[in-house]
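# Report on the structure
Spelled out, the chains give:
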Amino acid sequence: ITFGIGRFISGFSVGIYATIVPLYINETSPTEMSGKMGTLVQIQATSGISVGYASALVLPTGNYKSDPLTYWWMVMFGFQIFIALFQFLVFKCVHKLETPTWYLNKSSSESALESLKQVYTEESASEKLQKMKSTKDSELNSSYEYNPSYLDLLLCKQNTNRLMRLGYAVYFLQQFSGINAILTFSTSIFGHLGGGTFMSRVYTLVSGVVLMLPSLFVSSFVDKLGRRALLIVGCVGMSVCLLFTGFFAGPLEDWNILFPVLFILLYILFYGTSIGPICWLYSGEILTPRAMSICVAFSRLFFTTVVFTFPLLKELLGLSIVLWVYTGICFLALVYFSVDMIETK
């Protein structure tokens, strides 16, 4: 019971964290660096995944009752305490101020200026504050002022229609591309493809590293190439890789395991250079805090749906069919981003 309660509390906290961080980064980063800074969300997530995969290598592969390393999972969970404590101290002692946008919405220009000084020089901070005030005044003086409620946003009413549709679509396509099913059940998948228990964990660790590495350099060209172009290329690559992986999991299952492993790693690489980091960056650019909270809540729902349905679908349809279903969704994402997406670079 205590384990379940702990997981519920940590999951709830992660949901809040996932909602606030993209907004915080977007509101505190200089405009010319927004593309690079927005991908920090993906870097945080993927580095954490890689550390988790690496620590899992210590777990025993047999004799679970007698091997003392069976309880290593407690150390893995306990390690998160120190990370959470570090974050708490950073925000308590170093980054004490709210974002400039938040202060400006509260009509506290002096506090907004102090917040800007954390990022800009004193002269540049004053100039940035004046620009923010001008933008806010122009919005207030516009002929049409509309502050949608949560219900209006949820139902995509009036002028929220397209942005909310984009928000829902980006998170839906990100989750149903199959990435979290593959990452969550990677050891089981690699075992199904022919890897032993330990080697499946090694392949899983390599997957985590492959997912993390693109996040470190994709920020350098996300503003140059644009969000839309990267998403389209990524969806093409993901579709092709999942298609071939499905063949190696079914009709070509007798082939060497290195072939499906290679395509899975390429799939993760394409994800890590496209919809993985860009989803967080893009939603932070186009959505208001209220809209962002709704879309992230649906993202958690989509995540839960994918993770819970994958084992059932795998048992019912077989791994290859499930992978081909994800292939179709990736192709759907390709079409959608080509037709309906708004570029923000």
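Refer to the preceding data block for the structure.
Residues numbered from 1 in each chain as written. Predicted model: local features only at pLDDT ≥ 70, side-chain atom pairs only at ≥ 80, totals over all residues. Heavy atoms only, no water.

### Focus: the overall build of the protein
Each helix and strand counted, the protein has 18 helices and 0 strands in total. A globule of 345 residues ought to have a C-alpha radius of gyration of about 20 Å, and the protein, at 22 Å, matches this closely. Overall, the protein is about 65 × 45 × 35 Å in size when its C-alpha atoms are taken along their principal axes. Relative to its full complement of 345 residues, the protein shows a buried share of 41%. Taking contacts inside the protein between residues at least 6 apart in sequence as the whole, the part at least 24 apart equals 75%. With an accessible surface of roughly 18500 Å², the protein has 68% of that area assigned to carbon and sulfur atoms. (Helix = DSSP H or I, 4+ residues; strand = E, 2+ residues; numbered from the N terminus. Rg over C-alpha atoms; globule rule 2.2 N^0.38 Å. Buried < 20%, exposed > 50% of the residue type's maximum accessible area, 1.4 Å probe, protein only. Contact = heavy atoms within 4.5 Å. Areas by Shrake-Rupley, 256 points an atom, 1.4 Å probe, with all protein chains shown as cover.)

### Some thoughts on the packing of helix H12 (residues 197-217) against helix H15 (residues 258-272)
For any two helices packed against each other, one specifies the crossing angle of their axes together with the interaxial distance. Closest axis-to-axis distance for the H12/H15 pair is 8 Å, and the angle between their directions is 30°. Classified by the angle between their axes, H12 and H15 sit roughly parallel to one another. Crossing handedness for the pair H12 and H15: right-handed. Contacts from Tyr203, Val206, Ser207, Val210, Leu211, Pro214 and Ser215 of H12 reach H15 at Leu258, Val261, Leu265, Ile268, Leu269, Tyr271 and Gly272. Counted by class, the contact of H12 with H15 contains 11 nonpolar, 3 polar and no charged residues. (Axes fitted to C-alpha atoms, helices over the stretch in contact; angles between N-to-C directions. Parallel < 35°, antiparallel > 145°, perpendicular 65-115°, else oblique. Left-handed = near helix turned anticlockwise from the far one by under 90°. Nonpolar A, V, L, I, M, F, W, Y, C, P; charged D, E, K, R; others polar.)

### Quick word on H12
In a regular helix each residue adds 1.5 Å, so 21 residues correspond to 30 Å; H12 covers 32 Å between its end C-alpha atoms and thus fits that length. For H12, the set of buried residues is Ser200, Arg201, Tyr203, Thr204, Leu205, Ser207, Gly208, Val210, Leu211, Met212, Pro214 and Ser215. (Expected span 1.5 Å × (residues − 1).)

### Observations regarding the packing of aromatic side chains
The tally for this structure, following the rule as stated, stands at 17 aromatic pairs. Ring plane angle 75° and centroid distance 5.4 Å describe the contact between Trp102 and Tyr103, whose orientation is recorded as edge-to-face. Taking 4.5 Å as the distance between ring centres and 25° as the angle between the ring planes, the aromatic pair formed by Phe172 and Phe176 counts as stacked. One end of the pair, Phe172, and the other, Phe176, are both in helix H9 (residues 161-176), 4 residues apart, so they sit about a helical turn from each other. Under the relative-accessibility criterion, Phe172 is labelled partly exposed at 30%. Every member of this aromatic cluster is reached through a ring pair, and the members are Tyr168, Phe172, Phe176, Phe298 and Phe302. (Phe/Tyr/Trp six-rings, centres within 6.5 Å; stacked < 30°, edge-to-face > 60°.)

### Some points on the environment of Val21
Inspection of the secondary structure assignment puts Val21 in helix H1 (residues 2-28). In this structure the C-alpha to C-alpha distance between Val21 and Gly284, which are 263 residues apart in sequence, comes to 9.1 Å. If we ignore the near neighbours within four places in the chain, the residues touching Val21 are Val41 and Gln44.

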